[in-house]
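Geometric and topological summary
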Amino acid sequence: MSLEGKRFVLTGSASGMGAATGKKLLAAGAEVYSLDRNQPDYPVTAHFPVDLSDRASIDAVVAQLEGPWTGLINVAGVPGGSLPNDFVFSVNYLALRYLSEQLEPQLEPGGSIVNVSSNGDVLWPTRREVHEDLLAASSFEDGLSWYQNKTPEGKAYNFSKEAVSFYTINRAIDFAKKGLRINAVCPGMTNTPIIDDFLKVMAEDRVERIKNLIGGWAEPEDIADVIVFLVSPEARFVNGQLLDVDGGLKSGMAAGVIPYPGY
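Residues numbered from 1 in each chain as written. Predicted model: local features only at pLDDT ≥ 70, side-chain atom pairs only at ≥ 80, totals over all residues. Heavy atoms only, no water.

As a further point, take the sheet that holds strand β5 (residues 107-116). With parallel pairing, seven strands are arranged side by side in an open sheet as β3-β2-β1-β4-β5-β6-β7. Single-partner strands in this sheet number two, and they are β3 (46-49) and β7 (242-245). Between one strand and the next, the sheet's axes are offset by a mean angle of 20°, whatever the strand orientation. The pairing of strand β1 (residues 7-11) with strand β2 (residues 31-36) spans five bridges and is parallel. Looking across to β2, one finds that L10 is bridged to S34. Of the strands in this sheet, β1, β4 (69-74), β5, β6 (181-187) and β7 touch helix α9 (residues 220-231), which is tilted by about 170° from β6. (Pairing = 2+ DSSP bridges. Helix = DSSP H or I, 4+ residues; strand = E, 2+ residues; numbered from the N terminus. Axes fitted to C-alpha atoms, helices over the stretch in contact; angles between N-to-C directions. Contact = heavy atoms within 4.5 Å.)

Quick look at the structure:
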């Protein structure tokens, strides 16, 4: 598909799914404005170093971004495990939400946001009221204070991805009324630089069973292909979707073949 002349802001652009997405966008003729702590090793249109755990750092970058934009693609994310919970929650959810709110007014008609969530979001419907309460804490600072005081049950990573998915579907009708779209991609295990971090915090027997059932892990390009489709004109009537790209893993959970991971 051609994205000639289209302009995208891309977070997490220096590695993994973000790098694969950036390269595919450029190959399709788009301009890519990179937001990452690290400089990508491919020729993006422009790069802006940013610390997504710090609202002031995000504000400094937003002040340099001049729309209109065809889309914002929020790929940046960090695993749980050894990282502080506040940091995981801030990068994976608060930064994504804040950057989306800041750049939404700069989206051109028909523009869209694509968020990278995870199939670790699978249990968000069981605590919808919790996510509604979090959404009401609408600023970056209020959201972080909410998380620190409420201390939601379970892993910070899973909760942050639940929040990303809930935010995506919650905003869909509002976006539609403005002639915009918002969707999320929910990958399963993907062969990126942080896969080892995930494997360390998952039970070994669960990892091996899942790997055998779905035939291995996805590659970053598998996820990037879906992201590029979602920001393209071909997806012009796709809105408010949580699109699982996991080899059937979440369907296996729904069918009872694979146990749910729990909070």
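Time to look at the layout of surface pockets. Approximately 160 Å³ is the volume attributed to the second largest pocket. As for the second largest pocket, its lining consists of 13 residues, of which G110, G111, R181, V231 and P233 are closest to the centre. Considered class by class, the residues forming the lining of the second largest pocket number three nonpolar, six polar and four charged. (1 Å grid on protein atoms, 1.4 Å probe; cavity = no way out; pocket = protein on both sides within 12 Å on 5 of 7 lines; lining within 4 Å. Points joined across faces, edges and corners; volume = space filled by probe spheres on them. Nonpolar A, V, L, I, M, F, W, Y, C, P; charged D, E, K, R; others polar.)

Glancing now at empty space enclosed by the protein. Inspection of the entire model under this criterion finds one cavity of 30 Å³ or more. Size it by volume and the largest cavity reaches roughly 50 Å³. Lining the largest cavity, in full, are T11, L52, N74, A76, V91, A95, L96 and L99. In terms of residue count, helix α3 (residues 85-103) provides more of the lining of the largest cavity than any other element does, four residues in total. In the lining of the largest cavity, the residues fall into six nonpolar, two polar and no charged.

Below, the discussion takes up the environment of L35. Relative to the elements of secondary structure, L35 occurs in strand β2. Linking L35 and N74, residues 39 residues apart in sequence, is a C-alpha distance of 9.5 Å. Discounting residues that sit within four places of it in the chain, L35 has contacts with V9, L10, T11, G12, S13, F48, V50, V61, L65 and L99.

A word on the packing of aromatic side chains. Here the structure, examined in full by the defined rule, presents eight aromatic pairs. Centre to centre, the rings of W146 and F159 are 6.0 Å apart; their planes meet at 10°, and the pair counts as stacked. A residue pair is termed long-range when its members are at least 10 positions apart, and W146 in helix α5 (residues 140-150) and F159 in helix α6 (residues 156-177) qualify at 13 residues. Accessibility expressed as a relative area gives 9% for W146, which makes it buried. Here the aromatic residues F89, Y93, W146, Y147 and F159 are joined through ring pairs into a cluster of three or more. The cationic tip of R7 hangs over the ring face of W69; the distance from NZ or CZ to the ring centre is 4.2 Å. (Phe/Tyr/Trp six-rings, centres within 6.5 Å; stacked < 30°, edge-to-face > 60°. Buried < 20%, exposed > 50% of the residue type's maximum accessible area, 1.4 Å probe, protein only. Lys NZ or Arg CZ within 6 Å of the ring centre and 35° of its normal.)

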